[in-house]
Every structure is written in C-alpha cells, then in structure tokens.
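# Working through the structure, step by step
Next come the chains, spelled out residue by residue.
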Amino acid sequence: MNKTKLQIIIYLNVILLIFALSSPPFASDSQEIKIIAKKGSVSATDKKSIEGMVFIKGGCFKMGDTYGVGSSDELPAHKVCVDNFYLGEHEIEQRKWQEIMGNNPSSFKNCGEGCPVENISWHDVQKFIKKLNSDTGLSYRLPTEAEWEYAAREGGKRFVWSGTSTFKKLEDYAWYEHNSGNKTHAVKSKKPNSLGLYDMTGNVWEWIFDRYDRNYYKKNNPHINPKGASKGSDRLVRGGSWVDLPRHCRSTFRLDYDPRGKAFTIGFRLAHSAITKK
C-alpha cells in the first residue's frame, strides 16, 4: 500500500509539473532506540560535539497540524516532549555511503558525491548504521518522528516548512517540484533553518525510525520521547523531495512506506542521543 501511495504521489506531481510549473500556496527490526529521560536537561556548555551533527536542545511542543491544512493522520495536534539530541546537519551524501558501504546505489549518481544518497531501503540504512557505529564507536540511529518534526520546526515553532511559513521564501530553503529540475541537488546548497539544519524540507524524503500508524496521534500514547507505534509493517518518511508539491513538503506531513522499498526520492539523515561530558 505504501509503495503504491508514494508512486501515486510522484506520478501526480510529475503530471502537475508538466502542466503547471508552479503551484499556488495553500492557507522488528535491527535498530533499537534507547532514550533515557533525565532530570533537568543538558546545557549547551555540558554537551559534547559530534562531527557533522547539530546539538538540538530538547523541549515540549504541539506536534501535528496546527494550521488546519493537513491530512487526518496529522491530527489532533498534541503535546510532545523530547530530550536533548543530535541531528545530522544534512542528509547523508553519496560519498559517505560509498565510504562506509563500498557502493553507491543512488539513481542520481551524475548529481555528484555531495548529493544525498537515495534508492535505499530502511533496512539498508540499518546496515549502514551498524557498520558506522562499529567503525566509530558511537551510537548513531535514525531520528524518531517527534525528534524530526521538533527539529524541522526549529524547536517546535509553528512553521509550515522548515525555515519558513512564507510560500515565496520556500525556494530559499528547499529543492522541490517547482525548482529542482527533476533531480536531487548537493546537500547544503539551500539555506539552513535557524538550528543550522539543511534540507529538512525537500531534496529527498528522510527515513524515520518509527513505525507508521495513521491513528497514532489519536491514541493515548506517551508524550515524552514517543517512538511510534508498537506494531505495523510500514515505516515513516518525512520532509518531501525534489519531485513533491509544497503541501507534501510541510513539516507535519506524514508518509508511510514499506521498509523493504527503495525510491529515488528517499534518503536519510542520522541522529544521536545526547552525550554529556564526564
């Protein structure tokens, strides 16, 4: 169902791109996440730095659609709190995948080694993370859906897209159907959001740790460091891609996808739980 859903979205976007080059604004698996809730929080002076990662100070926010323009699975907007964590400054590039895995599965190889790796499944990403952690001694992982949205919305602020809520400014922050030229682009070639994160909107969808449940927000689930549904075959991707319309690139938009599936619109970025100095 999920692969078909994404294929339909891509097909519709391509058709719309052909006939209208601009769109109007609109009002059990291998990875285990261990997030330990702490009393208080890690201050900016206590945090360690991890190369290529941005430290995100945790907090509480209203997760989900607060503008009334979203899909039913984005409702209701509800309070969620996340601990401090790190998130990749940008999506994993083809060069990094080649370095760790010894191959490059990307469809857009001609884009260059600085472009995001794509055409990889959720399970492929787990293999990458396992090898990277073995090589580095760190504990990289995929972000949870709550962490991802919190960071995309710059600490849970009320942004439509990462970096802006103004349609005319969207192209400053994102590669999407209107400006991508039907291809991916080098990471960090658009403006970052205020947290210093690039391409949280557009370029490629990003794999998320969580399983997908369209009614997850409607259930009485943990509001502290939620990690998604306990059951379900599909995983989440977030952020939209080079082929997507603005509404599909919104920071609250949720899309499910078969974790075995691959697409030239899906990549990922890494996360890491907070590390305090000893």
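Keep in mind that what you see is a predicted model, and the values were worked out from it rather than measured.

It is worth spelling out the environment of P259 at this point. As for its position among the elements, P259 is in the loop between β7 (255-257) and β8 (266-267). When the C-alpha atoms of P259 and S121 are compared, they prove to be 5.7 Å apart, with 138 residues separating the residues in sequence. Those residues in contact with P259, other than ones at most four positions away along the chain, are S121, W122, H123, W207, S233, D234 and R235.

Attention now goes to the sheet that holds strand β6 (residues 235-238). The 4 strands lie next to each other as β7-β6-β5-β8, forming an open sheet whose pairing is mixed. Here the strands that pair on one side only, and so sit at the sheet edges, are β7 and β8. As defined by bridge partners, β6 adjoins β7 across 3 bridges and the pair is classed as antiparallel. Note that in β7 the partner of R235 across the bridge is Y257.

Take helix α4 (residues 145-152) next. Taken across its 8 residues, α4 has 8 buried, putting it largely inside the fold. Those residues of α4 lying buried are E145, A146, E147, W148, E149, Y150, A151 and A152. Tucked into the core, α4 has its buried residues touching β1 (53-56), β2 (59-63), β3 (78-82), β4 (85-88), β5 (205-211) and β6. Two residues or fewer after α4 comes E154, characterised by a positive phi angle close to 60°.

On to the state of the cysteines, then. What the rule picks out here adds up to 2 disulfides. Note that C60 is cross-linked by a disulfide to C81, the S-S spacing being 1.9 Å. On the sign convention where negative means left-handed, the S-S torsion of about 100° between C60 and C81 marks this disulfide as right-handed. Here C60, found in strand β2, pairs with C81, found in strand β3; they are 21 residues apart in sequence, far enough to count as distant. When its relative accessible area of 45% is taken as the criterion, C60 is described as partly exposed. Residue class for C81 comes out buried when judged on its relative accessible area of 9%. The disulfide that involves C111 links it to C115, with 1.8 Å between the sulfurs. Every disulfide takes its handedness from the sign of the S-S torsion; for C111 and C115 that torsion is -70°, giving left-handed.

What follows concerns the pattern of salt bridges. In total, this model carries 15 salt bridges according to the counting rule given. In this structure, R95 and E113 form a salt bridge, with 3.6 Å as the shortest nitrogen-oxygen distance. Note that R95 is positioned in helix α2 (residues 94-101) and E113 in the loop between α2 and α3 (122-136), a separation of 18 residues in sequence. By sharing partners, the salt bridges in this structure join E145, E149, R153, R238 and R254 into a single network.

What follows deals with unusual backbone geometry. The amide bond that connects L75 to the next residue, P76, takes the cis arrangement and shows omega of -5°. Examined against the element boundaries, P76 turns out to sit in the loop between β2 and β3. Phi at K188 takes a positive value of approximately 65°, unusual for a residue other than glycine. Within the secondary structure, K188 is located in the loop between α5 (170-173) and β5. Accessibility expressed as a relative area gives 39% for K188, which makes it partly exposed.

When two helices pack together, their arrangement is given by the angle between the helix axes and the distance between those axes. Axis separation between α2 and α3 bottoms out at 10 Å; the angle between their running directions is 70°. The orientation of α2 relative to α3 falls into the category roughly perpendicular. As α2 runs across α3, the sense of the crossing is left-handed. Within the contact between the two elements, α2 uses K96, W97, I100 and M101 and α3 uses D124, V125, K127, F128, K131, L132 and D135. Considered class by class, the residues forming the contact of α2 with α3 number 6 nonpolar, no polar and 5 charged.

What counts, and where the lines are drawn
Residues numbered from 1 in each chain as written. Predicted model: local features only at pLDDT ≥ 70, side-chain atom pairs only at ≥ 80, totals over all residues. Heavy atoms only, no water. Helix = DSSP H or I, 4+ residues; strand = E, 2+ residues; numbered from the N terminus. Contact = heavy atoms within 4.5 Å. Pairing = 2+ DSSP bridges. Buried < 20%, exposed > 50% of the residue type's maximum accessible area, 1.4 Å probe, protein only. Disulfide = S-S within 2.5 Å. Salt bridge = Lys/Arg side-chain N within 4 Å of Asp/Glu carboxyl O. Axes fitted to C-alpha atoms, helices over the stretch in contact; angles between N-to-C directions. Parallel < 35°, antiparallel > 145°, perpendicular 65-115°, else oblique. Left-handed = near helix turned anticlockwise from the far one by under 90°. Nonpolar A, V, L, I, M, F, W, Y, C, P; charged D, E, K, R; others polar.

These values are about where atoms sit, not about what they do.
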